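# Reading the structure
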Amino acid sequence: MDDHESPLLSKESSSSSSSSSVVASSFKWILKVLMSVIFVAWVVFLFVYPGKLGDGILTNWRAVSSHTLFGTTGSMFLIFSGPILVISVLASLYLIISGEENVFTKKKISKFPRFRLWTFPVLVDGPFGVVSAAEFLGIMIFSVFFLWAIYAYTMRDLDLLDLFHVLPEDRSMLLLEITGLRFGMIGLLCMVFLFLPISRGSILLRLVDIPFEHATKYHVWLGHITMAFFSFHGLCYVVAWTVQGRLLELLFEWKAIGIAVLPGVISLVAGLLMWVTSLQYVRKHYFELFFYTHQLYIVFVVFLALHVGDYLFSIVAGGIFLFILDRFLRFCQSRRTVDVISAKSFPCGTLELVLSKPPNMRYNALSFVFLQVRELSWLQWHPFSVSSSPLDGKHHVAVLIKVLGGWTAKLRDKLSKLYEAENPDQLLSPLSYPKITTCVEGPYGHESPYHLAYENLVLVAGGIGISPFFAILSDILQRKRDGKACLPKKVLVIWAIKNSDELSLLSSIDIPSLCPSFSQKMNLEINIYVTRQSEPLLEDGMVHKMVNPSVKPRSNGCPMSVLVGTGDNIWSGLYLVSSTIGFVLMITLLDIFYINKFNITAWWYKGLLFVVCMVASVLIFGGLVVVFWNLWGEKAGDVEPNGHDKVTTNGEELHNPSAELKGLNTEDDIQSFITTRYGTRPDFKEIFESLNEKWGSVDVGVIVCGPASLQSTVAKEIRSHSIWRSTNHPLFHFNSHSFDL
């Protein structure tokens, strides 16, 4: 049933609602403009900073602002880190005003060319993988900045040499040391952005609607560049000191006033270990090594502060502070053990876990969670796509897990023991009954369900990459059934699998039950390509029914915690604001009652105190908000008691099937929109040509979930094919959202 305005609403209430909407829209527009101005001004300053103009701006700024209680450190913090914190606070306010604006209309999507910049693939091969137009523009801007910074610093260094009265033979060594100093400064400027993309619940990522799993590659790019400049920084000094014959003497130097060398060496070594183990080959084949060595970021950051002191560390403090906020919130959420409602295994070896969640936890289709199973490891966290829609039920979230490595194999063995324990022939005591203790971080994902913004969707999946598409299909079908806002009218699913046993995953979604009359409301096609079998096996006709029954693990857990950055906008905003105010307050008290009073001058010590204040403000002031946030979440979750009783052991919330199912041959209806081809791979050129003939010039959204090779293949065809050039509204979303770990 379509939503209509209630006739009981008076003209006055309707007018009042319209007036408040205008006020909210105006306020949002003001916030947008303000955030844009601050961001542009901040980026322009960072861009010109290496040159004489930037140096002059900073000198004038310090002359004006350094006579305060916070001194030159406060001046540096305000101009380098202050803007990003101000934007974060304004972004929080913007999201609170926006609320749950998830209604999409043709009018909204037809006037946003920015989607093309963010999603249209420009580069599909090379070291950066698939790169959109906006990302390519960002790469160009950063490249120009690096070249400009090197040139500007070189010109300034040559002028600076004339001020030093050194012997000609020492001139080259002095230039090498100054060059190393400049490389270190460029590395710090890169590090300003380094921690922003990896804050999973970041208010900034939510503002621009870039999910964490997509933003991670920006962190990878920035990490490579940052460590390259830091490596050149250290190498220049090592070469200069080696030539001078003072390498060991200066390498272990720890000055009280000035740069402390030894902490810098420790920080650089930690950074190099993280850099080497984060390379693609190591990350793919030795994920645990990558994961554990990446925890050295704590050593890297702390000893960087000891190395440069509070004055220079304040340049990168803004992004690190936002990361600490996110990390502490993730820590609080992950301490809770989550109840596993049910677990089952498919014939292809894929596992499904249904996890309990509170009814007030919000997320969108195409979300993912980080999962820990304590019986397997207390340290390992693995990301998995959510395969259930938010409309599937208020009390559960489902994830599909493909067995690929050691961790997932151990989880499969654990479930096998559960099946044995539930065998009537097995007489097990309650204490010996297998147990699964899970902890969850998330869900994370897009701020808005962008898949609802396209009238025509093409979903391309490889293997387990079909998981998030089950959530999308379920979301669309249930919205169609309930008459909620939902644009998609034509959906094409292209699924490439190796063997036919993976067809059993289709049992994860019961399309006729979700929307019995879906064929009348939308055009759905599912094309399946079984690449390693030339013909179907005898049991393929029933493979979607060959699923092991669900089991209920022994668990003392409870629903997932609501303490997630992508959750409630008001609480996450209060958490950010209180921690920021607390940090300023602690720095103020520290300066008044300790640093200024006792004339503390050691750079490394003041850098350490600066980091301590950042962490303490989050723990104390942010922690206070977290306590009340958690209490609110538990109280709100108690509004609907016995939520677990509403969920079956199959992870399905009880509901009364529609009467429309009666008299329908659902098996024939299913086969009418599913086509299975054996011994072939999808020919995307042929597929897109066919779509061009059937759909014509329309707005099309494409989502790809699968390996890098699949992404590149689809991106090449999308970039070159006429269907995307002739479309009236060329909207394209390219997203690798499936995790195989």
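Attention in this report is confined to the structure presented alongside it. (Residues numbered from 1 in each chain as written. Predicted model: local features only at pLDDT ≥ 70, side-chain atom pairs only at ≥ 80, totals over all residues. Heavy atoms only, no water.)

The next point concerns the overall build of the protein. In terms of helices and strands, the protein carries 26 helices and 14 strands. A separation of at least 24 residues holds for 80% of the contacts in the protein among residues at least 6 apart in sequence. For the protein, the accessible surface area stands at approximately 34,100 Å², while carbon and sulfur atoms represent 64% of it. (Helix = DSSP H or I, 4+ residues; strand = E, 2+ residues; numbered from the N terminus. Contact = heavy atoms within 4.5 Å. Areas by Shrake-Rupley, 256 points an atom, 1.4 Å probe, with all protein chains shown as cover.)

Soluble globular proteins: nonpolar side chains tend toward being buried together. Counting 91 residues, the largest nonpolar core has Phe80, Met191, Phe313, Ile320 and Met614 as the members making the most contacts within it. Among residues more than four places away in sequence, those in contact with Ile320 are Met191, Phe195, Val301, Phe313 and Met614. Counting residues in each nonpolar core, the second largest holds 42 residues, with Leu452, Tyr454, Ile497 and Met522 among its members. (Core = buried A, V, L, I, M, F, W, Y, C linked by side-chain atoms within 4.5 Å. Buried < 20%, exposed > 50% of the residue type's maximum accessible area, 1.4 Å probe, protein only.)

Let us look at the sheet that holds strand S7 (residues 382-385). The four strands are arranged S3-S9-S6-S7 in an open sheet whose pairing can be described as antiparallel. Strands at the two margins of the open sheet, each flanked by one partner only, are strand S3 (337-338) and S7. In this structure, S3 lies alongside strand S9 (residues 438-444), joined through two bridges in antiparallel fashion. Bridge pairing links Thr337 to Cys439 in S9. (Pairing = 2+ DSSP bridges.)

Another aspect to go through is the pairing of strand S11 (residues 490-497). Most of S11 sits out of view: seven of its eight residues are buried. Pairing between strand S10 (residues 456-462) and S11: seven bridges, direction parallel. Among the inter-strand pairings, Asn456 is bridged to a residue of S11, identified as Lys490. On the question of chirality, the crossover connecting S10 to the parallel S11 by way of helix H18 (residues 467-482) is right-handed. Where S11 lies against strand S12 (residues 523-530), eight bridges are found, and the strand directions are parallel. The partner of Ile497 across the bridge, within S12, is Val530. (Right-handed = clockwise from strand over helix to strand, strands pointing away.)

Take the pairing of strand S14 (residues 700-705) next. It is a general feature of regular strands that their side chains alternate between the two faces of the sheet. Where burial is concerned, most of S14 is hidden: six out of the six residues are buried. Judged by which residues are buried, S14 turns out to be covered on both faces: Val700, Val702 and Val704 on one side and Gly701, Ile703 and Cys705 on the other are all buried. Summarising the sheet, S10 and S14 pair through six bridges and their orientation is parallel. Residue pairing across strands places Leu459 opposite Ile703, the latter belonging to S14.

When the terminal C-alpha atoms of helix H4 (residues 82-98) are compared, their 24 Å separation across 17 residues agrees well with the 24 Å that a helix rising 1.5 Å per residue should span. Within H4, twelve of the 17 residues are buried, which leaves it mostly tucked inside the rest of the structure. Among all positions in H4, only Gly82, Pro83, Ile84, Leu85, Ile87, Ser88, Leu90, Ala91, Ser92, Tyr94, Leu95 and Ser98 are buried. Backbone geometry just downstream of H4 places Gly99 in the positive-phi region, at approximately 65°. (Expected span 1.5 Å × (residues − 1).)

Quick look at the state of the cysteines now. If you walk through the whole model with that rule in mind, you get zero disulfides. Counting only cysteine sulfurs, Cys439 is the nearest neighbor of Cys558, a cysteine outside any disulfide, at a range of 9.4 Å. (Disulfide = S-S within 2.5 Å.)

Moving on: the pattern of salt bridges. Within the structure shown, the criterion is met by 14 salt bridges. Linking Arg336 and Glu634 is a salt bridge whose minimum nitrogen-to-oxygen distance equals 3.3 Å. A residue pair is termed long-range when its members are at least 10 positions apart, and Arg336 in the loop between helix H16 (317-334) and S3 and Glu634 in helix H22 (residues 603-637) qualify at 298 residues. With relative accessibility at 38%, the residue Glu634 sits in the partly exposed group. Its salt-bridge partner being Asp413, residue Arg412 comes within 3.7 Å of it at the nearest N-O pair. Each of the salt bridges in this network shares a partner with another, and the network as a whole consists of Arg200, Asp326, Arg330 and Glu441. (Salt bridge = Lys/Arg side-chain N within 4 Å of Asp/Glu carboxyl O.)

A cluster of nonpolar side chains, contributed by Leu69, Phe70, Val584, Leu585, Leu589, Ile592 and Phe593, occupies part of the molecular surface with about 590 Å² of accessible area. Residue position: Leu69 is located in the loop between helix H2 (52-65) and helix H3 (71-80). (Patch = residues over 30% accessible without salt bridge, like charges linked within 9 Å, V, L, I, M, F, W, Y side chains within 5 Å.)

Attention shifts here to empty space enclosed by the protein. A complete count under the given rule lists five cavities of 30 Å³ or more for this structure. As for the largest cavity, its lining consists of 15 residues, of which Gly201, Ser202, Ile203, Leu325 and Tyr575 are closest to the centre. Put simply, the parts of the chain that give the lining of the largest cavity at least two residues each are helix H9 (203-208), H16 and helix H21 (569-595). Taken together, the residues of the lining of the largest cavity break down into six nonpolar, seven polar and two charged. (1 Å grid on protein atoms, 1.4 Å probe; cavity = no way out; pocket = protein on both sides within 12 Å on 5 of 7 lines; lining within 4 Å. Points joined across faces, edges and corners; volume = space filled by probe spheres on them. Nonpolar A, V, L, I, M, F, W, Y, C, P; charged D, E, K, R; others polar.)

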